[in-house]
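Analysis of the macromolecular model
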Amino acid sequence: MDEDERIISGESSGSAEDQTELSLRPRTLSQYIGQEKIKQEVAVYIKAAKKREEPLDHVLLYGPPGLGKTTLAGVIANEMAVNFKTTSGPAIEKPGDLVALLNELQPGDILFIDEIHRLPKNVEEILYSAMEDFYIDIVVGQDATAHPVHFPLPPFTLVGATTRAGLLSAPLRARFGIVEHMNYYTKDELTEVVLRSAAVFNTKIDPLGAQEIARRSRGTPRVSNRLLKRVRDFAQVAQKDSIDKEIVDYALRLLQVDEHGLDETDRKMLETMIELYDGGPVGLATIAANIGEETDTVADMIEPYLMQIGFIKRTARGRMVTRAAYSHLGIEPNNQKNY
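Each chain has its residues counted from 1, following the order in which its sequence is written. Owing to the predicted nature of the model, reporting of local features is limited to residues with pLDDT of at least 70; listing and counting of side-chain atom pairs is limited to 80 or more, with chain, interface and lining totals taken over all residues. Only hydrogens and water are set aside; all other atoms, that is, all heavy atoms of the structure, feed into the side-chain values.

In the annotation of an unreviewed UniProt entry, the protein is listed under the name Holliday junction branch migration complex subunit RuvB and assigned to Ligilactobacillus pobuzihii. Comment text from UniProt for the protein, heading Subcellular location (unreviewed entry), reads "Cytoplasm". Quoted verbatim from the Catalytic activity (unreviewed entry) field of the UniProt record, the comment on the protein reads "ATP + H2O = ADP + phosphate + H(+)". UniProt positions are given in the numbering used here, feature names are shortened, and annotations may be inferred rather than shown by experiment.

Pasting the structure below:
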């Protein structure tokens, strides 16, 4: 997890920087910006669960990185007024790690597992009975003295987050009663995010400056907050009283973030596909090798947004660059290609 995916758990170091990071995250559904459909549905589920005095059903949040899955999980815990325990799939290496986490839960608590698709298979299998019937069976002892122990658990809510829902096994996915897809944000929603974050930073920002940052934020709140921090640095050094569109344009031009939010890596991917493969079709692994990135990085961080804005498309034979991308890059396409 990067710094913008830092978990809200109440176990803060207490530093000023930590408190600023935490304050960027809303605490209630009313403060949470965007994802309106999900908020409406989750509000109903939370209200019903509280009326029944039951824990919320298990929740799966999936979608591209940076859209607020961790934040929403923390908001759900706050709205339910329960403890919020956090971990990630790669951090749980063996069944004993999961058992230790589950043993610490109190009735109604929320256990958040980020990157849940990366849970080891033997750990995932323990979750089945824990999620469905609130118990786990563990084996104590070795060889001839080994014997199973039935270990009851308090009713709890598992909130899983993943950027790759297709990698979840069918048995695990079926045990989530609430499944929500996180969508990219609109420019207006991101403008609201930028204005709110600027207020948290105690930084003045012009509405046009906020809109320009939002326009270049790839539909992602995490990116908008990152760009705001960097533009704030430029504005401070330039001794600007407020962040305006002029300083935003200047800073993001130096940071090589263009008007569509594409950065150097995005352009490198598109240009590589055009120059080496005539715009495609080309396989994902081949693209990753050519631009020096991991396949998962391309699949999770780069490709989804380029597809969202219509700059690449998937075909049965591989990825292809679209005419819109050629136009954006100022490259004349091969007219014989079928785009």
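In this section: the nonpolar core. If you look at the biggest cluster of nonpolar residues, it comprises 50 residues, and the most contacted ones within it are Leu56, Leu72, Ile76, Met269, Leu270 and Leu306. Secondary structure elements follow DSSP: runs of H or I of four or more residues count as helices, runs of E of two or more count as strands, with numbering from the N terminus. Top contributing element to this core by residue count: helix H3 (residues 69–80), with six residues. Any two residues having at least one pair of non-hydrogen atoms within 4.5 Å are treated as being in contact. Apart from the residues lying within four places of it in its own chain, the contact partners of Leu270 are Leu262, Leu306, Phe311, Ile312, Val321, Ala325 and Leu329. We define the nonpolar core as a collection of buried residues of types Ala, Val, Leu, Ile, Met, Phe, Trp, Tyr and Cys that are connected through side-chain atoms lying within 4.5 Å of one another. Think of it in three bands: residues with accessible area under 20% of the maximum for their type are buried, residues over 50% are exposed, and the middle band is partly exposed, with areas taken using a 1.4 Å probe on protein chains only. Grouped together as the second largest cluster of nonpolar side chains are 23 residues, Leu98, Leu102, Tyr128 and Ala130 included.

All right, on to the pairing of strand E9 (residues 318–321) then. Inspection of the sheet shows strand E8 (residues 312–315) paired to E9 by four bridges, in the antiparallel sense. Residue pairing across strands places Arg314 opposite Arg319, the latter belonging to E9. Two strands pair under a simple rule: DSSP has to find at least two bridges between them.

The next thing to look at is the UniProt feature "binding site: Mg(2+)" (unreviewed entry) in the protein. According to UniProt, the positions carrying the feature "binding site: Mg(2+)" (unreviewed entry) are Thr70. Looking at the secondary structure, you find Thr70 in helix H3.

A separate point is the sheet that holds strand E3 (residues 110–114). One open sheet holds the five strands; their spatial order is E2-E3-E6-E1-E7, and the pairing between them is parallel. Taken across any chain shown, the strands that pair with only one partner, and hence form the sheet edges, are strand E2 (84–88) and strand E7 (178–181). Sheet twist, expressed as the average angle between the axes of neighbouring strands with direction ignored, equals 15°. As paired elements, E2 and E3 share five bridges and run parallel to each other. Pairing of Thr86 across the sheet is with Phe112, part of E3. Every angle, taken between N-to-C directions, lies between 0 and 180 degrees, and every axis is a line fitted to C-alpha atoms, over only the stretch in contact when it is a helix.

Right, let's get into the packing of helix H2 (residues 36–52) against H3. For the pair H2 and H3, the least separation of the axes is 10 Å and the interaxial angle reads 30°. Put simply, H2 runs roughly parallel to H3. The element H2 and its partner H3 pack so that their crossing is right-handed. Within the contact between the two elements, H2 uses Ile38, Val42, Ile46, Ala49 and Lys50 and H3 uses Leu72, Ile76, Glu79 and Met80. Of the residues in the contact of H2 with H3, the class split is seven nonpolar, no polar and two charged. Geometric relationships in this document are graded by angle, where less than 35 degrees denotes roughly parallel, more than 145 denotes roughly antiparallel, 65 to 115 denotes roughly perpendicular, and other angles denote oblique. Handedness of each helix crossing follows the sense of rotation of the near helix against the far helix: counterclockwise by less than a right angle gives left-handed, clockwise gives right-handed. Each residue gets one of three labels, nonpolar for Ala, Val, Leu, Ile, Met, Phe, Trp, Tyr, Cys and Pro, charged for Asp, Glu, Lys and Arg, and polar for the others, Gly among them.

In this section: the environment of Leu227. With respect to the element layout, Leu227 can be found in helix H9 (residues 221–237). Leu227 sits in the buried class, given a relative accessible area of 1%. Expressed as a C-alpha distance, the spacing of Leu227 and Val257, which sit 30 residues apart in the sequence, is 9.3 Å. Setting aside chain neighbours within four positions, we find Leu227 in contact with Ile213, Arg216, Ser217, Leu252 and Val257.

This part is about helix H11 (residues 264–277). Given 3.6 residues to a turn, an α-helix orients residues that are three or four positions apart in the same direction. Expected span of a helix: the number of residues minus one, times 1.5 Å. An ideal rise of 1.5 Å per residue puts 20 Å on 14 residues; H11 measures up with 19 Å between its terminal C-alpha atoms. Of all the residues in H11, the buried ones are Asp266, Arg267, Met269, Leu270, Thr272, Met273 and Ile274. Here the buried face of H11 lies against helix H12 (284–291), helix H13 (295–308), E8, E9 and helix H14 (323–329). Where H11 begins, the side chain of Asp263 points an oxygen toward the backbone nitrogen of Thr265, at a separation of 3.1 Å. Definition of a polar contact: a pair of N or O atoms within 3.5 Å, with one able to donate and the other able to accept a hydrogen when the atoms are protein atoms, and with sequence-neighbouring residues admitted only if both atoms are side-chain atoms.

Attention shifts here to the confidence of the model for the protein. Confidence per residue, as judged by the predictor, is encoded in pLDDT with a range of 0 to 100. Confidence in the prediction of the protein, expressed as mean pLDDT, is 87, and 89% of residues score 70 or more. Ranking the elements of the protein by mean pLDDT puts helix H1 (residues 16–24) last with 53 and strand E1 (residues 59–62) first with 96.

A separate point is unusual backbone geometry. Between Gly280 and the following residue, Pro281, the backbone shows a cis peptide bond with an omega angle of 10°. With respect to the helices, strands and loops of the structure, Pro281 is situated in the loop between H11 and H12. Phi is positive for Phe134, close to 55°, though the residue is something other than glycine. In this structure, Phe134 sits in the loop between helix H5 (121–133) and strand E4 (135–140). Phi angles above zero are rare outside glycine, and Asp278 is one such case at about 55°. Here Asp278 shows up in the loop between H11 and H12. Exposure remark for Asp278: the relative accessible area of 34% places this residue in the partly exposed category.

Every case where a carboxyl oxygen of Asp or Glu lies within 4 Å of a side-chain nitrogen of Lys or Arg is listed as a salt bridge. Taken as a whole, this structure holds 20 salt bridges when the rule is applied. The partner of Asp244 in a salt bridge is Lys240, and the shortest N-O contact between them spans 3.1 Å. Judged by relative accessible area, Lys240 falls into the partly exposed class, the value being 30%. When salt bridges with common partners are traced through the structure, they connect Glu212, Arg215, Arg216, Lys245 and Asp249 into a single cluster.

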